[in-house]
Amino acid sequence: MILYILVTLACIVIAAGIKQTAYSDSILTVGRAKNMARMGLIFMILFLVAALRIEVGNDYGTYVVTCHEIFQRGYVVTEPGFNLIVRILYTLSGSENHILMFAFFAAIIVGLFLKCFRDQSESVFWSVVLFILLGVYFRSFNTVRYYLALAMALYSLRYLTEITDDKSVKVQNLIKFLVVILIAATMHKSVLAVIPMYLLAAVKWNKWVIGALGVLGFVGIVLKDKLIELALILYPSYRDTIYIEQTGSLRENLPIIGRCILVLVLCAITYKTSIEGKDIRKTDGQTRIYTGRIANRTYMNLSIMAVILYVTTWWLPLVTRFGYYMITPQLLLIPGVLHSVEESDPKKADKLKWALCIVAALYFAYFLMTADREGVRVLPYKSWLFTDRYWLNQTDTF
């Protein structure tokens, strides 16, 4: 736990020095070079903590055995993209080196999240802070192929939120979005669900859309047995496994529901500026003013969908697999809201930032207190640097 706190503090201090304005420079300036150095340092810290771990994560042992079966051409239910990467890594290393496999995915996951923050966030600092304090980074020690797909899904949103009046560019962006998601599906097929999910969130809603989603959610409660059967048709590998028995409860989802509600309250009290406010964009030397902040609106819509999902489908096994695709964009939404408020009312923005600091710190404290529970198990932290044990049996508990 102490290590995680130190890592968090170190990354926050480093990220605090990142100047957002430096990213607008078209050439390599001193400010931009300093930003690159700080981002590189944050990457190295987060990568090393993830890469040096052993027996940390709820499914660490499962992945070791699965990768063994992949390399030995045994039967596995993992996706072909993941299987190919494992075979390449094991072949190049000359052995079943699961340490290398986890390090490889740690580098890609951390690097891709940081790229999303650099390219898509209004504040790299706040996105990095939330990435760690909301537990997203530490949870990525679990289900590594899923978190790679999650990072790619977050990256794909850039193509749905880009502001342009050119219809051909919109079509190209839609194609790029679909290509990224299809590639991500070779890591974890659950990401295919974001295609209708993100496309729906990207359009402007009215009150009837929210009402229809709510009704659809409650209909799901009535037809839950049939929906579970439908889910098993889509994911036949889960049939007769422990995963289908992992039904949560509404109580277990309360922290996430509460987090989403707080984010939506933030959007509500700043709606005129953060969602409907004017968005000023400079392209090709021209300044254009658009009505409405498309990115913030899209991310807010996803948070609304997340509340409905968690409240009405808590009985669905592994519901978080779909829910995280909706709530992870909050890493971009919250900085976007703060930025829009800061442009119109700096004093109000400062108050919101202090409130965010308190809430995020409390959320992080809660995460650390529950990080050793079944389903998470990212505590206690152990490193292969200080152990001679390199093989893990699937039946081990830790």
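Parameters and conventions
- Residues numbered from 1 in each chain as written.
- Predicted model: local features only at pLDDT ≥ 70, side-chain atom pairs only at ≥ 80, totals over all residues.
- Heavy atoms only, no water.
- Salt bridge = Lys/Arg side-chain N within 4 Å of Asp/Glu carboxyl O.
- Helix = DSSP H or I, 4+ residues; strand = E, 2+ residues; numbered from the N terminus.
- Buried < 20%, exposed > 50% of the residue type's maximum accessible area, 1.4 Å probe, protein only.
- Phe/Tyr/Trp six-rings, centres within 6.5 Å; stacked < 30°, edge-to-face > 60°.
- Lys NZ or Arg CZ within 6 Å of the ring centre and 35° of its normal.
- Contact = heavy atoms within 4.5 Å.
- Core = buried A, V, L, I, M, F, W, Y, C linked by side-chain atoms within 4.5 Å.
- Axes fitted to C-alpha atoms, helices over the stretch in contact; angles between N-to-C directions.
- Left-handed = near helix turned anticlockwise from the far one by under 90°.
- Nonpolar A, V, L, I, M, F, W, Y, C, P; charged D, E, K, R; others polar.

Colleague: Before we go on, may I ask you to explain the pattern of salt bridges in this structure?
Modeller: If the charged atoms of two oppositely charged side chains come close together, the side chains can form a pair. By the definition in use, this model includes 7 salt bridges. A salt bridge links aspartate 119 to arginine 158; its shortest N-O distance comes to 3.4 Å. In this pair, aspartate 119 sits in helix H5 (residues 98-120) while arginine 158 sits in helix H9 (residues 158-161), placing the two residues 39 residues apart along the sequence. Accessibility expressed as a relative area gives 24% for arginine 158, which makes it partly exposed. Where lysine 353 meets glutamate 342, a salt bridge forms, and the shortest distance between an N and an O atom there is 2.9 Å. Of the two residues, lysine 353 sits in helix H19 (residues 346-370) while glutamate 342 sits in helix H18 (residues 330-344), which places them 11 residues apart along the sequence. Among the residues examined, lysine 353 registers a relative accessible area of 18% and is labelled buried. Looking at glutamate 342, the relative accessible area reads 35%, which means it is partly exposed.

Colleague: Can you help me understand the packing of aromatic side chains in this one?
Modeller: Any two aromatic rings considered together are summarised by their centre-to-centre distance and by the angle between their planes. Applying the stated criterion across every chain, the model contains 24 aromatic pairs. For the pair phenylalanine 138 and phenylalanine 141, a centre-to-centre distance of 6.1 Å together with 85 degrees between the ring planes defines the contact as edge-to-face. The buried category is assigned to phenylalanine 138, whose relative accessible area is 0%. Accessibility expressed as a relative area gives 1% for phenylalanine 141, which makes it buried. By the ring-pair criterion, three or more aromatic residues cluster together here, those being Tyr4, Phe113, Phe117, Phe131, Tyr137, Phe138, Phe141, Phe364, Phe367 and Tyr381. In this arrangement the basic side chain of arginine 158 is found over the ring face of tyrosine 159, its NZ or CZ atom lying 5.9 Å from the centre. Geometry around tyrosine 146 places arginine 321 over its ring, the cationic atom sitting 5.9 Å from the centre.

Colleague: Teacher, can you tell me more about the side chain of serine 340 here?
Modeller: Within the secondary structure, serine 340 is located in helix H18. When neighbours within four sequence positions are excluded, serine 340 is seen to be in contact with Thr273, Ser274, Arg293 and Asn296.

Colleague: Would you explain the nonpolar core in this entry?
Modeller: Soluble globular proteins tend to pack their nonpolar side chains together in the buried interior. Judged by nonpolar contacts, the single largest core of 124 residues is most densely connected at Phe113, Phe117, Tyr198 and Tyr325. For this core, the leading source of residues is H5, giving 13 residues. Tyrosine 198 has contacts with Ala153, Ser156, Leu157, Leu160, Phe177, Leu302, Tyr325 and Pro329, leaving out every residue within four places of it along the chain.

Colleague: Where do I start with the environment of threonine 161 in this structure?
Modeller: You can see threonine 161 is positioned in helix H9. For threonine 161, a relative accessible area of 11% corresponds to the buried category. Threonine 161 sits 12 residues away from asparagine 173 along the chain, and the two C-alpha atoms are 9.4 Å apart. Discounting residues that sit within four places of it in the chain, threonine 161 has contacts with Ile294, Ala295, Thr298 and Tyr299.

Colleague: Is there a simple way to think about the packing of helix H14 (residues 254-269) against helix H16 (residues 294-312) in this case?
Modeller: In helix packing, the relevant descriptors are the interaxial angle and the interaxial distance, both defined with respect to the helix axes. Relative to each other, H14 and H16 sit at 150 degrees, their axes nearing to 9 Å. Judged by the twist between their axes, the crossing of H14 over H16 is left-handed. Contacts between H14 and H16 involve Ile256, Ile257, Cys260, Val263, Leu264 and Cys267 from the former and Met300, Ser303, Ile304, Ala306, Val307, Tyr310 and Val311 from the latter. Grouping the constituent residues of the contact of H14 with H16 by class yields 12 nonpolar, 1 polar and no charged.

Shape is all these values report; function is a separate question.
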